[in-house]
Each structure stands twice: as C-alpha cells, then as structure tokens.
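Examining the three-dimensional arrangement
Here is how the chains run, residue by residue.
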Amino acid sequence: MTQTFGALNPTQRVLLGPGPSDVSARILRALAAPTLGHLDPEYLTIMDETRQMLRQVFQTKNEMTIAISGTGSAGMEACVCNLIEPGDEMIVCVNGVFGGRMKDVAQRYGAIVHTIEAEWGRGIDPQQVAEAFKQHPRTKVFGIVHAETSTGEQQPLEEISQLVHDSGALLLVDAVTSLGGIDIPIDGLQIDACYSGTQKCLGCPPGLAPVTFSPRALEALDQRKSKVTSWYLDVTMLRNYWGSDRVYHHTAPINMTYALREALQIVLEEGLAARIARHQRNHRMLRAGLEAMGLAYVPQHSLTTLNAVHVPEGVDDLAVRNRLLQDYNIEIGAGLGPFKGTAWRVGLMGSSSTEQNVMLFLAALDNILRDGGLGIEAGAGLAAANAAANESEVATA
Ligand SMILES: *Cc1c(COP(=O)(O)O)cnc(C)c1O
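As a convention, each chain's residues are numbered from 1 in the sequence order in which they are written. A pLDDT threshold of at least 70 governs which residues receive local features in this predicted model, and a stricter bar of 80 or more applies before side-chain atom pairs are shown or counted, although totals over entire chains, interfaces and linings include all residues. Side-chain numbers come from the whole structure's heavy atoms, not from hydrogens or water.

What follows concerns the overall build of the chain. If you tally the helices and strands in the chain, you get 13 helices and 14 strands. Note on method: radius of gyration uses C-alpha positions; expected globular size equals 2.2 Å times residues raised to 0.38. A compact globule built from 397 residues would reach a C-alpha radius of gyration of about 21 Å, and the chain, at 22 Å, matches this within 12%. Counting only C-alpha atoms and orienting by the principal axes, one finds that the chain spans roughly 65 × 60 × 55 Å. Per-residue accessibility, obtained with a 1.4 Å probe over protein chains only, is compared with the maximum for each type, and a residue is labelled buried under 20%, exposed over 50%, and partly exposed between these values. Counting all 397 residues of the chain, 57% fall into the buried class. When checking whether two residues touch, look at their non-hydrogen atoms; a contact exists if any pair is within 4.5 Å. At a minimum sequence separation of 6, the contacts of the chain that also span at least 24 residues come to 71%. Per element, the accessible surface of the chain, about 16800 Å² overall, is 51% carbon and sulfur. Numbering goes from the N terminus for both helices and strands, where a helix is a DSSP run of H or I of at least four residues and a strand is a run of E of at least two. In this description, accessible areas are obtained by the Shrake-Rupley approach with a 1.4 Å probe, and a residue is regarded as covered only by the protein chains that are shown.

Structure representation (structure tokens):
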C-alpha cells in the first residue's frame, strides 16, 4: 500500500542555535538552479570559482583548498585521516565536545593520541603546549579547536602556532564556527590543515566541509608509507578530481556547490573585515542585553558567533526553549556534556547575526522569563543592547 504525507512545508524559523544558521533567499535560489553533470565544463568552472573564493575566505594561497562532500565532521575526518598513519603520534587539545571528537576520530585512524586538557569554558594555555611537546617530541600532528561551539570559548592561536612549528609538527585547526564570522587567517597563523562547515558562519545549508592543506601538509601526505585509511576522504585522489586532471572519484553534490559558491560570493561582497565586525557588533549587543537581564556567560573569552550562558537558577531549560520555538519561532541550542540542562547556546552566525535578531530574541526571552516570575525588570535587556549598539557606533565613527 502506498503511503504519502502531503506537501513538504517546513516552518520559517529564526535559527539562533549552534548551527545551522539562517539561509538567505539568494542561497536557496542557487540550490534550485538546474543540476549539471559533475564533469560538465560549466560545472568545472563553478568548482574552480568556488575554490578561488574559498582561498580568499580562508585567507590562504594553499593550492589544495576544496570542499569535502559531507558536513563539518567529514572535514575533521578528512584532515585527520590524510595526515595520520596508524602509529603516528598526535596531540589533541580537549576543552569541549569538539576537541573530544577530534581525539576519538584520531584514535579510530590509529593515532597514538596525547591530550592536553582544560576546563570546559577555558582556553588551552601555551605553557601546556610547550610541556606536551617536551614529553612527546615525536608528535606529527597537533590538533586544536579555534571556536569551541560546545562552550563558546575562543582559542588564541598565535603563540601556540609558534610552539607547534618550533617542534616540527603540523598544526590542524577546527574552524567550523569561525570561518566567515571570526578572523582566522590560515597563512598568517601558519595553519597546516583546517576544516569548516557550510551551515555555521557561511550561512549555507549543511552538506559541505571547506578544507585547506598547506604545502607542508601535502608533503607529509606524499611521504605516507600506507594508503589513506578512508577511501572516500583520500585527498591524494580528491586532488586529481579538483585539480586539472578531473579524474572521477565520487559525484560531487552539485547543487550544494552552487549554494557554497553563492555563500562565498555573499561573504566577499560584504567584505571579510566588515562581516567579522558585524559579528562583533551584534555579539556586543546581545551580551549587554543578556547580562543586563542577569545571565552569566559560560566562557572566559566568548566567541562572537556563539553565546553560551548559564540557565538562571530555578528556570526550566527545556520549557524556555520550547516556548521560544512555539511562540516566537526561535531556535536556540541546549547545553552539551557537563552543561546539559544548565546552559543555553545562542548562535549569531552568518545571516542570523543581525540587530533585528538580537532584539527579537532579547524581547522574547524577557517575556518568557518574566512569566516565570524571576523579577527581571521589563525591557532591561533591550535597553542595554540599544545602549551597546550606540556605543559601538560612536566607537567606530
Ligand atoms: C558543528 C561543529 C562541528 C561538526 O560539524 P557538523 O557539520 O555538525 O558535522 C565540528 N566542530 C565544531 C567546532 C562545530 O561547531
């Protein structure tokens, strides 16, 4: 018996979680363009243009800059499995979910993993890095998360990059929640391998993982004694598909490439610096508003793209998130790991990072929390956010 379900009709939400973020109409139109064959000369041009724009957004000259088919986690696996051979030593920094995931992935590909840990919501100290290299001088790859979406903590990379290179290791960075929202200059920071995802600060639907490999990383790849353990993510083969040889490897997700091309075009039209400043400004407004309402931030150095705050004492985490969704169409994220049930994660990424969304969210939260009888002064958050907006205008004038 056939069974059908009526027309597909998803609600238009305001996506203020840890990703996906709102997708602009321009990008949705790009997705709906006619599907080309994946070796059609027109599509090959689109791939080349996408690569060129990816290099600009990654701020790199790296030839090997492509989009892996799959979400951000596929980018993580691609970086790890190409650089690691079974038995290689890798240091992974763990201060949240995604550092923990990188460790898991590295172990699955046979790496001997040494971890550097910090409390969730705190950064990794360069001193710990220096210590770790002293103990493990044969380390081949050093992995770290730039924007830890589970805690909202931003990790400075300058000093750490120096230490990694002094020891001769390769620097692998997770930039899933920073690329297109927070400055992450690949060449400037001497990053050897970096991955991101389309659905966070680039404002696309999920489905592709931009990655970039430095010439040093490619040298390490060329010196492998064994084949890359993953067939699908093997850059030695992907290189021939994205390069001039165009050797068939797997069918690229054609329409997602259109979407990414459009997203990169939008980023570059806005200008990387202006886009980063927009994320900073909207974060400042949200932060001023939330703090005026008595909410405390989880991280020591908050990302501008993700705001993790403690759920106030006596407030039902799930009830508030349900009301945000049902009454205001707003999605925010729940806490992860040790913050399950005790933190909210409010994303302001890509197209979602607007003054309108900051005001809408603060007004909605204010209503909901006042219904809970928490003694929050009506409108305090909005007033503080407004004041912060005016301050930053003066500051940038
Ligand atoms: C979202 C995220 C990932 C995983 O990306 P998916 O697209 O969910 O596979 C990895 N690292 C960080 C820091 C993230 O925020």
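By convention here, the domain bounds are inherited from an automatic or database domain assignment. For the chain, the domain assignment lists domain 1 (25-269) and domain 2 (272-396). The C-alpha centroid of domain 2 is placed 29 Å from the C-alpha centroid of domain 1. Contacts between the two partners involve 26 residues from domain 1, matched on the other side by 21 residues from domain 2. Summed over both partners, the accessible area (1.4 Å probe) lost when two parts come together is defined as the buried area. Carbon and sulfur atoms supply 64% of the area that domain 1 and domain 2 bury against each other, a total of about 2000 Å² over both sides. Any carboxyl oxygen of Asp or Glu that lies within 4 Å of a side-chain nitrogen of Lys or Arg is treated as forming a salt bridge with it. The tally of links between domain 1 and domain 2 comes to zero salt bridges. Identification of polar contacts relies on pairs of N or O atoms within 3.5 Å, with a donor-acceptor requirement for protein atoms, meaning one able to donate a hydrogen and the other able to accept it, and with residues adjacent in sequence counted only if both atoms are side-chain atoms. Summed over the shared surface of domain 1 and domain 2, the number is nine residue pairs in polar contact (both at pLDDT 80 or more). Among the secondary structure elements, those contributing two or more residues to the side of domain 1 that touches domain 2 are helix 2 (41-58), strand 6 (147-148), strand 7 (153-154) and helix 9 (254-270). Along the lines of polarity and charge, the residues of the side of domain 1 that touches domain 2 split into nine nonpolar, twelve polar and five charged. Any residue outside Ala, Val, Leu, Ile, Met, Phe, Trp, Tyr, Cys, Pro, Asp, Glu, Lys and Arg is labelled polar, Gly included; the first ten of those are nonpolar and the last four are charged.

This next bit is on the pairing of strand 11 (residues 306-310). Within strand 11, four of the five residues are buried, which leaves it mostly tucked inside the rest of the structure. A pair of strands counts as paired when DSSP detects no fewer than two bridges linking them. Where strand 11 meets strand 14 (residues 343-347), five bridges bridge the pair, whose relative direction is antiparallel. Along strand 14, the bridge assignment pairs Leu-306 with Gly-347.

Attention now moves to the packing of aromatic side chains. When the centres of two rings from Phe, Tyr and Trp lie within 6.5 Å, Trp using its six-membered ring, the rings pair. Their planes under 30 degrees apart give stacked, over 60 give edge-to-face, and anything left gives tilted. Per the stated rule, a full pass over the model turns up two aromatic pairs. The lysine or arginine in question, Arg-287, covers the ring of Tyr-297, its NZ or CZ lying 4.0 Å from the ring centre. For a Lys NZ or an Arg CZ to count as sitting over a ring, it must be within 6 Å of the ring centre and within 35 degrees of the ring normal.

Taken as a class, soluble globular proteins show a tendency for nonpolar side chains to be buried jointly. Buried Ala, Val, Leu, Ile, Met, Phe, Trp, Tyr and Cys residues form a nonpolar core when they are joined through side-chain atoms within 4.5 Å. In this structure, Met-90, Phe-142 and Phe-213 are the most contacted members of the largest nonpolar core, which totals 91 residues. Ignoring sequence-local partners within four residues, the contact set of Met-90 consists of Val-80, Ile-84, Met-102, Ala-106, Ala-111, Ile-112, Val-113, His-114, Thr-139, Val-141, Gly-143 and Leu-172. Ranked by size, the runner-up nonpolar core spans 29 residues in total, among them Tyr-297, Trp-344, Phe-361 and Leu-369.

As a further point, take the environment of Ser-196. Topologically, Ser-196 is positioned in the loop between strand 9 (193-195) and strand 10 (208-213). Judged by its relative accessible area of 0%, Ser-196 falls in the buried class. When the C-alpha atoms of Ser-196 and Ala-209 are compared, they prove to be 5.4 Å apart, with 13 residues separating the residues in sequence. Contacts of Ser-196, omitting those with residues within four sequence positions, involve Gly-72, Ala-175, Val-176, Leu-179, Leu-208, Ala-209 and Pro-210.

Right, let's get into the site of the ligand. Around the ligand, the structure places Thr-71, Gly-72, Ser-73, Phe-98, Arg-101, Ala-147, Thr-149, Asp-174, Val-176, Thr-177, Gln-199 and Lys-200. Residue Asp-174 places a side-chain N or O atom 2.7 Å away from a nitrogen atom belonging to the ligand. Take Gln-199: an N or O atom from its side chain is 2.7 Å from an oxygen atom of the ligand. Out of a free accessible area of 380 Å², the ligand has 90% covered by protein chains. One heavy atom suffices: a residue is near a molecule or strand as soon as one of its heavy atoms comes within 4 Å of it.

Now for the packing of helix 9 against helix 10 (residues 272-292). With their axes 5 Å apart at the nearest point, helix 9 and helix 10 run at an angle of 90° to one another. Judged by the angle between their axes, helix 9 and helix 10 are roughly perpendicular. Residues Ile-266, Val-267 and Glu-270 of helix 9 form the contact with helix 10, whose participating residues are Leu-272, Ala-274, Arg-275 and Arg-278. Here the contact of helix 9 with helix 10 is composed, by residue class, of four nonpolar, no polar and three charged. Helix axes are fitted to C-alpha atoms over the stretch in contact, other axes to C-alpha atoms as well, and angles between N-to-C directions run from 0 to 180 degrees. These descriptions rest on fixed angle ranges, namely under 35 degrees for roughly parallel, over 145 for roughly antiparallel, 65 to 115 for roughly perpendicular, and the rest for oblique.

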